[in-house]
Protein chains: 2
Amino acid sequence: MFRSSQERQKERVLKRHAVLQAAVRMFNERGFHATSLDDVAASLGVTKPVIYHYLGNKDQVLFECVRLGLTQIREAAVAARAAEGTGLDRLKAFLRRYAEVNMDDFGRCVIRTGDETLSPESRREFRALKGEIDRDMREVIAEGVADGSIYAKDVRLTAFTLAGALNWPARWFDPEGPESRSEVAAAMVEILCEGLRRRDGAGNSV
Amino acid sequence: MFRSSQERQKERVLKRHAVLQAAVRMFNERGFHATSLDDVAASLGVTKPVIYHYLGNKDQVLFECVRLGLTQIREAAVAARAAEGTGLDRLKAFLRRYAEVNMDDFGRCVIRTGDETLSPESRREFRALKGEIDRDMREVIAEGVADGSIYAKDVRLTAFTLAGALNWPARWFDPEGPESRSEVAAAMVEILCEGLRRRDGAGNSV
């Protein structure tokens with residue numbers, strides 16, 4: 001009859017996530033400004049105060065969506081840095097996951113959210129989180145340069161170039177299309193790491 | 001005393017461009033939704049009806065801004081396709097100019113404008129113009145594959161990868177920073193075309 005505190009806690013987490021999932025899809029489809037929390041609430045069959053209860057106002061809901069996306073990427077960075085192999089191997093693993101997250105709901109929301117959309121406090125934290133990921137990427141590249149597996153004249157610009165290329169699928173990837181997220185991610189990472197020079201029969205540049 | 005029709009026409013073009021220049025900077029700095037045509041008019045010391053006279057409503061002003069940016073990129077594509085050299089040479093020339101435009105006011109506005117921000121008619125034309133540029137890029141890549149200067153397993157995905165990487169500086173490039181647009185563009189194009197494999201003394205991949 002009465003639910004345990006643990007059950008209530010679990011239900012709270014599930015409901016909160018359902019709200020975020022409904023919100024992020026609307027933000028991605030319609031744009032943040034064209035989405036109201038009333039629409040989000042209606043799509044879940046609840047009222048706006050329920051959303052306030054679980055998450056807060058519209059800026060807070062957006063911030064939670066982008067925080068979730070950035071957390072997924074940060075986890076990928078930590079995993080890649082702890083992995084075996086050369087710097088280039090670790091970078092490729094990180095980049096593939098980075099691209100996959102950017103094609104998923106919360107990652108897409110990170111990419112589609114301009115700094116100026118967030119409130120000043122949320123913006124500060126958004127930038128700080130993105131800065132950590134940028135630092136991770138530069139460190140993996142620098143490790144590859146140090147172990148001789150990566151050539152990079154300018155580590156910072158290399159990181160920006162890779163990240164930019166892998167951010168963009170957030171705008172064009174179609175989950176209903178013929179290729180999966182991980183197929184597109186792997187193919188893009190191959191293009192970026194190997195470049196465009198023609199290869200010999202063994203796949204080496206000539 | 002009386003200006004000739006030619007002088008009036010020239011003045012009209014100059015005033016129209018001044019409005020677009022003021023508008024694009026505000027859109028880029030504050031975001032489209034946070035910018036009102038009253039702010040744009042005030043920054044030029046005119047009233048909103050002056051802007052309506054030269055350009056129309058806010059959606060029309062935004063569309064003219066993105067049209068200008070896309071036109072600059074289209075011109076670069078046409079110039080690169082008519083140039084001498086291998087497909088890879090022509091692709092590099094196009095990509096450098098593509099990146100430069102994206103770091104400039106109107107190009108930045110193209111990148112920062114999500115489809116959903118525009119009215120349905122403007123959106124259709126915006127997508128059509130972007131589609132032409134995408135086609136140009138694929139054709140230059142395909143020419144390079146045909147003449148043996150470019151290796152690309154998937155021309156479409158290669159074009160998307162290159163374009164994405166070179167769109168992104170619209171978000172981070174700082175015109176007050178130590179590097180010029182053309183320096184950043186050239187360095188990024190080099191990273192993308194050459195890849196990340198370590199090189200021998202002659203700069204070739206090993």
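Residues numbered from 1 in each chain as written. Chains lettered and ligands numbered in written order. Predicted model: local features only at pLDDT ≥ 70, side-chain atom pairs only at ≥ 80, totals over all residues. Heavy atoms only, no water.

(A) How the structure looks around the overall build of chain A. When its secondary structure is counted, chain A shows 10 helices and 0 strands. Helices (α) and strands (β) of chain A occur, in sequence order from the N terminus, as α-α-α-α-α-α-α-α-α-α. Principal-axis analysis of the C-alpha atoms gives chain A an extent of 70 × 35 × 35 Å. Taking all 206 residues of chain A together, 46% fall into the buried category. If you take every contact in chain A between residues at least 6 apart in sequence, the share linking residues at least 24 apart comes to 65%. Accessible surface, chain A: about 10,100 Å² in total, of which carbon and sulfur atoms supply 49%. (Helix = DSSP H or I, 4+ residues; strand = E, 2+ residues; numbered from the N terminus. Buried < 20%, exposed > 50% of the residue type's maximum accessible area, 1.4 Å probe, protein only. Contact = heavy atoms within 4.5 Å. Areas by Shrake-Rupley, 256 points an atom, 1.4 Å probe, with all protein chains shown as cover.)

(B) Broad picture of the relation of the copies chain A and chain B. Expressed as a screw transformation, the operator carrying chain A onto chain B has a rotation angle of 180° and an axial translation of 0.0 Å, and the superposed copies differ by an RMSD of 0.0 Å. Accordingly, the operation relating the two chain copies is best matched by a two-fold axis. When the interface residues of chain A are mapped onto chain B, 100% of them are again interface residues, pointing to one common binding face. (Least-squares fit on C-alpha atoms with pLDDT ≥ 70 in both.)

(C) Region of interest: the packing of aromatic side chains. With the rule as written, the count across this model stands at 7 aromatic pairs over all chains. With centroids separated by 6.0 Å and ring planes inclined at 90°, the aromatic side chains of phenylalanine 94 of chain A and tyrosine 98 of chain A adopt a geometry described as edge-to-face. Taken as a pair, phenylalanine 94 of chain A and tyrosine 98 of chain A lie in helix α5 (residues 87–102) at a separation of 4 residues, close to a single helical turn. Relative accessible area serves as the criterion here: at 0%, phenylalanine 94 of chain A is assigned to the buried category. When its relative accessible area of 7% is taken as the criterion, tyrosine 98 of chain A is described as buried. Ring geometry for phenylalanine 160 of chain A against tryptophan 172 of chain B: centres 4.7 Å apart, planes inclined by 55°, an arrangement best described as tilted. Placement of phenylalanine 160 of chain A in helix α8 (residues 155–167) and of tryptophan 172 of chain B in helix α9 (residues 169–172) is noted, with the two residues assigned to different chains. (Phe/Tyr/Trp six-rings, centres within 6.5 Å; stacked < 30°, edge-to-face > 60°.)

(D) Representation of the interface of chain A and chain B within the structure. Taken together, the contacts link 41 residues of chain A with 42 residues of chain B. Interface of chain A and chain B: buried area, both sides summed, is about 3,700 Å²; carbon and sulfur atoms make up 62% of it. On the chain A side of the interface with chain B, the three residues burying the most area are Tyr151, Trp168 and Leu196 of chain A, jointly 20% of the side's total. Joining chain A to chain B, the criterion identifies 4 salt bridges. The set of elements that each furnish at least two residues to the side of chain A that touches chain B consists of α5, α6 (105–112), α8, α9 (169–172) and α10 (181–194) of chain A. At 9 residues, the largest contribution of residues to the side of chain A that touches chain B is made by α8 of chain A. Looking at side-chain class alone, the side of chain A that touches chain B contains 18 nonpolar, 11 polar and 12 charged residues. (Buried area = accessible area lost by both parts, 1.4 Å probe. Salt bridge = Lys/Arg side-chain N within 4 Å of Asp/Glu carboxyl O. Nonpolar A, V, L, I, M, F, W, Y, C, P; charged D, E, K, R; others polar.)

(E) How the structure looks around the domain arrangement of chain A. All names here are of chain A. Domains assigned within chain A are domain 1 (1–56) and domain 2 (66–206). Using only C-alpha atoms to locate each centre, domain 1 and domain 2 end up separated by 29 Å. Contacts between domain 1 and domain 2 engage 9 residues on the former and 7 residues on the latter. Counting the surface lost from both domain 1 and domain 2, the interface buries some 720 Å², and carbon and sulfur atoms represent 60% of this. Scanning the region where domain 1 abuts domain 2 turns up 1 salt bridge. For arginine 25, the salt bridge goes to aspartate 105, with nearest N and O atoms at 2.9 Å. Residue composition of the side of domain 1 that touches domain 2, by class: 4 nonpolar, 4 polar and 1 charged. (Domains from an automatic or database assignment.)

(F) Here's a closer look at helix α7 (residues 120–146) of chain A. Residue and element names in this part refer to chain A. In this model, α7 (27 residues) spans 38 Å end to end at C-alpha, consistent with the 39 Å of a helix rising 1.5 Å per residue. Buried within α7 are the following residues: Ser122, Phe126, Ile133, Asp134, Asp136, Met137, Val140, Ile141 and Gly144. Buried residues belonging to α7 abut α4 (58–82), α5, α6 and α8. Glycine 148, located one to two residues past α7, shows a positive phi value of around 85°. (Expected span 1.5 Å × (residues − 1).)

(G) Local environment of the pattern of salt bridges. Throughout the structure, instances matching the rule amount to 42 salt bridges over all chains. The closest approach of N and O atoms between glutamate 139 of chain B and arginine 81 of chain B, which form a salt bridge, is 2.5 Å. Linking glutamate 139 of chain B in helix α7 (residues 120–146) with arginine 81 of chain B in helix α4 (residues 58–82), this pair joins segments that are 58 residues apart in sequence. Residues joined in a network through salt bridges with shared partners are Arg74, Arg81, Arg90, Glu132, Asp136, Glu139 and Glu143 of chain A.

(H) Focus on helix α5 (residues 87–102) of chain B. Residue and element names in this part refer to chain B. Across its 16 residues, α5 extends 22 Å between first and last C-alpha, which sits within 8% of the 22 Å expected from 1.5 Å per residue. Of all the 16 residues making up α5, 12 are buried; the element is thus mostly covered by neighbouring parts of the structure. Of the surrounding elements, those touching the buried residues of α5 are α4, α6 (105–112), α7, α8 (155–167), α9 and α10 (181–194).

(I) The arrangement of the packing of α7 of chain B against α8 of chain B in detail. Residue and element names in this part refer to chain B. Where α7 contacts α8, the axes come no closer than 9 Å and their chain directions differ by 115°. Relative to α8, α7 is oriented so that their crossing is right-handed. Residues Asp134, Met137, Arg138, Ile141 and Ala142 of α7 form the contact with α8, whose participating residues are Val155, Arg156, Thr158, Ala159, Phe160, Leu162 and Ala163. For the contact of α7 with α8, the per-class residue count stands at 8 nonpolar, 1 polar and 3 charged. (Axes fitted to C-alpha atoms, helices over the stretch in contact; angles between N-to-C directions. Left-handed = near helix turned anticlockwise from the far one by under 90°.)

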